[in-house]
Amino acid sequence: MSDLVRGTAAQMAADLASGATTSVALTQAHLDRIAEVDGAVHAFLHVDSEGALAAAAASDARRAAGTPASELDGVPIAVKDVLATEGLPTTCGSKILEGWIPPYDATVVQKLKAAGLPILGKTNMDEFAMGSSTEHSAYGPTHNPWDLDRIPGGSGGGSAAAVAAFEAPLALGTDTGGSIRQPGAVTGTVGVKPTYGGVSRYGLVAMANSLDQVGPVTRTVLDSALLHELIGGHDAMDSTSIDQPVGALVAAAKQGARGDLSGLKVGVITELGGEGWQDGVEASFQASLDLLVKAGAEVVEVSCPNFVHALATYYLIMPCEASSNLAKFDAMRYGLRVVPDRPGDQAQPSAEDVMRASRDAGFGDEVKRRIILGTYALSSGYYDAYYGTAQRVRTLISRDFEAAFEQVDVLVSPTAPTTAFKLGEKLDDPLSMYLNDLATIPANLAGVPGISLPSGLADEDGLPVGFQILAPALADDRLYRVGAALEAALEREWGGSLLDRAPDLTGGAA
Ligand code: GLN
């Protein structure tokens, strides 16, 4: 593998600034890596070589003129295929949007372009972001670079696998119930779900509006902070966008990397561990807690009693919002249109016939399952019993967070109960797939920010384990301070980054 793809985004930015490399060279090296390994990984649904190289050349011209557009100007990035990109296909992993080319950019994509980051392409995902394995993509699964027979997590498995396989130094993901953090955990990458409203959702094809957040997928905590600062901030095009500056996240990461956490109180969430959690996941988590203590933090246990209801609450609220959002895919405005034969008395199929046939052909099983669940839960007579109750439990979960954050500065847990499972293993058992998001969902329900960073490899299978840190709303800086401190301590133990130990994927040494 070329050395050009191995660095962190921060290192690449420094090399661009010093003139040690060019954006064209960096971008070409990543396109070559994609050509070399993506046949096996399938992280990308669409690669835009021409667009990326043109953006890279423009970036080099700015650097040569001494007018870079941002610190990350010229560092390439991959974008999850749920974000609208002008002129580039945006499928959301669904057949129903096959061939759709958006006429506009999502705000976060506009920000990437304005900052000079060449966009390598669009990454694979579970259809409409519904899943924990990327197996629900209509275009075939993504494979985990650590073991190609295993899942890369989901729904943003494409973004996580691209970053883990050195096909991109940075990627954007979206997290409705864990789709940035859980793929991060099982691929040994860093993923951040910002505070709800902290990053614009304009141009993000909504799954569940009250839960969705765009966030960074990277190889280091500092890289996530750099990307988060770039995409965050107020956007008048998103009515839920918070009108506040994004905060000093890069500074927090740099402070954390110095390794001093004295005075910090860390709460271990009682309900997110114990029976049913893989031994190697728990062991890796405990070892990381010890490192936090060594860095000066005080670790206590905190109970969040209503978290046991988080999964059930999520699987009512999310399908309700999704079923209403997906009603717009009616074959009338854009996307797939299937015109059924209409034998018998009618000469032409009706609009409703076309809608039915198009939605039947265009949506996969998981999407249909959730549309049915959501439509049922919202139907008259059931609305209060299901949706209303779920919203009340959601408030209780938010209150658990509030009470916990009165006692501690951050909360922690393993990001996912197990390491990457085998492709196909949970496809016939939706409930066991849903259980993978046990630890990530509470943050979405309450709107608080969370990060997952690699904490090591599980003893029993040698696969990556993720460590999750949660902070109060708008205190995203704490994720970076604590995350960077833990990362620094872990990398001292490992003698480098965890991904240095991942398979090379080209038959060579890692
Ligand atoms: N895996 C969860 C689900 O299937 C979360 C998805 C997401 O965050 N987009 O709903």
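(A) Focus on the environment of Met237. Looking at where Met237 falls in the secondary structure, it is placed in the loop between helix H7 (221–231) and helix H8 (249–257). Considered as a pair, Met237 and Ala106 are 131 residues apart in the sequence and their alpha carbons are 9.9 Å apart.

(B) How the structure looks around the site of the ligand. Lining the immediate environment of the ligand, one finds 15 residues, of which Thr176, Gly177, Ser179, Tyr314 and Asp437 sit closest. At 3.2 Å from an oxygen atom of the ligand is found a main-chain nitrogen or oxygen belonging to Gly178. One of the side-chain N or O atoms of Tyr314 is found 2.6 Å from an oxygen atom in the ligand. Protein chains shield 100% of the accessible area of the ligand, which is 290 Å² for the free molecule. Residue classes in the shell around the ligand are distributed as five nonpolar, seven polar and three charged.

(C) Quick peek at the sheet that holds strand E2 (residues 77–80). Spatially, E1-E3-E2-E4-E6-E5-E10-E11-E9-E7-E8 is the arrangement adopted by the 11 strands of the open sheet, whose pairing is mixed. The open sheet terminates on both sides in strands that have one partner only, identified here as strand E1 (44–47) and strand E8 (298–302). Strand-to-strand, the axes of this sheet are offset by a mean angle of 30°, without reference to chain direction. Here three bridges tie strand E7 (residues 265–269) to strand E9 (residues 410–414), and the two strands are oriented parallel to one another. Across the sheet, residue Gly267 finds its bridge partner in E9, namely Leu411. Across the face of the sheet, helix H16 (residues 476–494) comes into contact with strand E5 (190–193), strand E6 (213–218), E9, strand E10 (450–457) and strand E11 (464–470) while running at roughly 10° to E10.

(D) Inspection of the packing of aromatic side chains at higher detail. For the coordinates displayed, the defined rule picks out 15 aromatic pairs. Look at Phe329 and Phe363: their rings are 6.4 Å apart centre to centre, the planes differ by 90°, and that puts the pair in the edge-to-face class. In this pair, Phe329 sits in the loop between helix H10 (310–325) and helix H11 (351–362) while Phe363 sits in the loop between H11 and helix H12 (365–378), placing the two residues 34 residues apart along the sequence. On the basis of relative accessibility, which here comes to 3%, the residue Phe329 falls in the buried class. We classify Phe363 as buried; its relative accessible area is 5%. Seen in terms of ring centroids, Tyr376 and Tyr386 are 6.0 Å apart; in terms of plane orientation they differ by 45°. Their pairing is tilted. A residue pair is termed long-range when its members are at least 10 positions apart, and Tyr376 in helix H12 and Tyr386 in helix H13 (residues 383–407) qualify at 10 residues. The class of Tyr376 is partly exposed, set by a relative accessible area of 42%.

(E) Geometry of the environment of Arg258. Mapped onto the secondary structure, Arg258 falls in the loop between H8 and E7. Of the residues examined, Arg258 reaches a relative accessible area of 67% and is grouped as exposed. Residues Arg258 and Ala484 lie 226 residues apart in sequence; the distance between their C-alpha atoms is 8.3 Å.

(F) Representation of the pattern of salt bridges. Applying the stated rule across the entire model yields 13 salt bridges. Residue Arg181 is joined to Asp175 by a salt bridge in which the shortest nitrogen-to-oxygen separation is 2.9 Å. For the pair formed by Arg181 and Asp175, the shared burial category is buried. A salt bridge links Lys368 to Asp360, with the shortest nitrogen-to-oxygen separation between them at 2.9 Å. In this structure Lys368 comes out as partly exposed when scored by relative accessible area, which is 23%.

(G) A look at the packing of H10 against H12. Across the interface, H10 lies against H12 with an axial gap of 7 Å and an inter-helix angle of 100°. Judged by the inter-axis angle, H10 sits roughly perpendicular to H12. Residue-level inspection shows Tyr315, Leu316, Met318, Pro319, Cys320 and Ser323 of H10 in contact with H12, the latter providing Arg370, Ile371, Leu373, Gly374, Thr375, Ala377 and Leu378. When its residues are assigned to classes, the contact of H10 with H12 shows nine nonpolar, three polar and one charged.

(H) Fine view of the packing of H10 against H13. Look at H10 against H13: their axes get within 9 Å of each other, and the N-to-C directions meet at 130°. By the angle between their axes, H10 is oblique relative to H13. When you trace H10 past H13, the crossing you get is left-handed. For the pair H10 and H13, contact is made by Ala310, Thr313, Leu316, Ile317, Cys320 and Glu321 and by Tyr386, Tyr387, Ala390, Gln391, Val393, Arg394 and Ile397, respectively. The residue makeup of the contact of H10 with H13, split by class, is nine nonpolar, two polar and two charged.

(I) Representation of the side chain of His228 in the model. Turning to its location among the elements, His228 is positioned in helix H7. Apart from the residues within four sequence positions on either side, His228 is in contact with Val192, Pro194, Val199, Pro216, Val246, Leu249, Asp476 and Tyr480.

(J) Main features of the side chain of Thr85. For Thr85, the position within the fold is in the loop between E2 and helix H4 (107–114). Residue Thr85 is classed as buried on the basis of its relative accessible area of 1%. One polar contact links Thr85 to Lys122, side chain to side chain, over a distance of 2.8 Å. Sequence-distant contacts of Thr85, defined by excluding residues within four places in its chain, comprise Thr90, Pro102, Tyr104, Asp105, Val109 and Lys122.

(K) Representation of the pairing of strand E3 (residues 119–123) within the structure. With five of its five residues buried, E3 lies for the most part within the structure. Across three bridges, E1 lies against E3 in antiparallel orientation. Note on E3: the bridge partner recorded for Phe44 is Thr123. Bridge analysis of E2 against E3 gives four bridges, and the strand direction is parallel.

(L) Up close: the confidence of the model for the protein chain. Here the protein chain averages 96 in pLDDT, while 99% of its residues score no lower than 70. Within the protein chain, no element has a lower average pLDDT than helix H14 (residues 430–434), which sits at 90, and none a higher one than E2, at 99.

Each value, and the rule that gives it
Residues numbered from 1 in each chain as written. Predicted model: local features only at pLDDT ≥ 70, side-chain atom pairs only at ≥ 80, totals over all residues. Heavy atoms only, no water. Helix = DSSP H or I, 4+ residues; strand = E, 2+ residues; numbered from the N terminus. Near = heavy atom within 4 Å. Polar contact = N/O pair within 3.5 Å; in protein donor to acceptor, adjacent residues only side chain to side chain. Areas by Shrake-Rupley, 256 points an atom, 1.4 Å probe, with all protein chains shown as cover. Nonpolar A, V, L, I, M, F, W, Y, C, P; charged D, E, K, R; others polar. Pairing = 2+ DSSP bridges. Axes fitted to C-alpha atoms, helices over the stretch in contact; angles between N-to-C directions. Contact = heavy atoms within 4.5 Å. Phe/Tyr/Trp six-rings, centres within 6.5 Å; stacked < 30°, edge-to-face > 60°. Buried < 20%, exposed > 50% of the residue type's maximum accessible area, 1.4 Å probe, protein only. Salt bridge = Lys/Arg side-chain N within 4 Å of Asp/Glu carboxyl O. Parallel < 35°, antiparallel > 145°, perpendicular 65-115°, else oblique. Left-handed = near helix turned anticlockwise from the far one by under 90°. pLDDT = per-residue confidence, 0-100.

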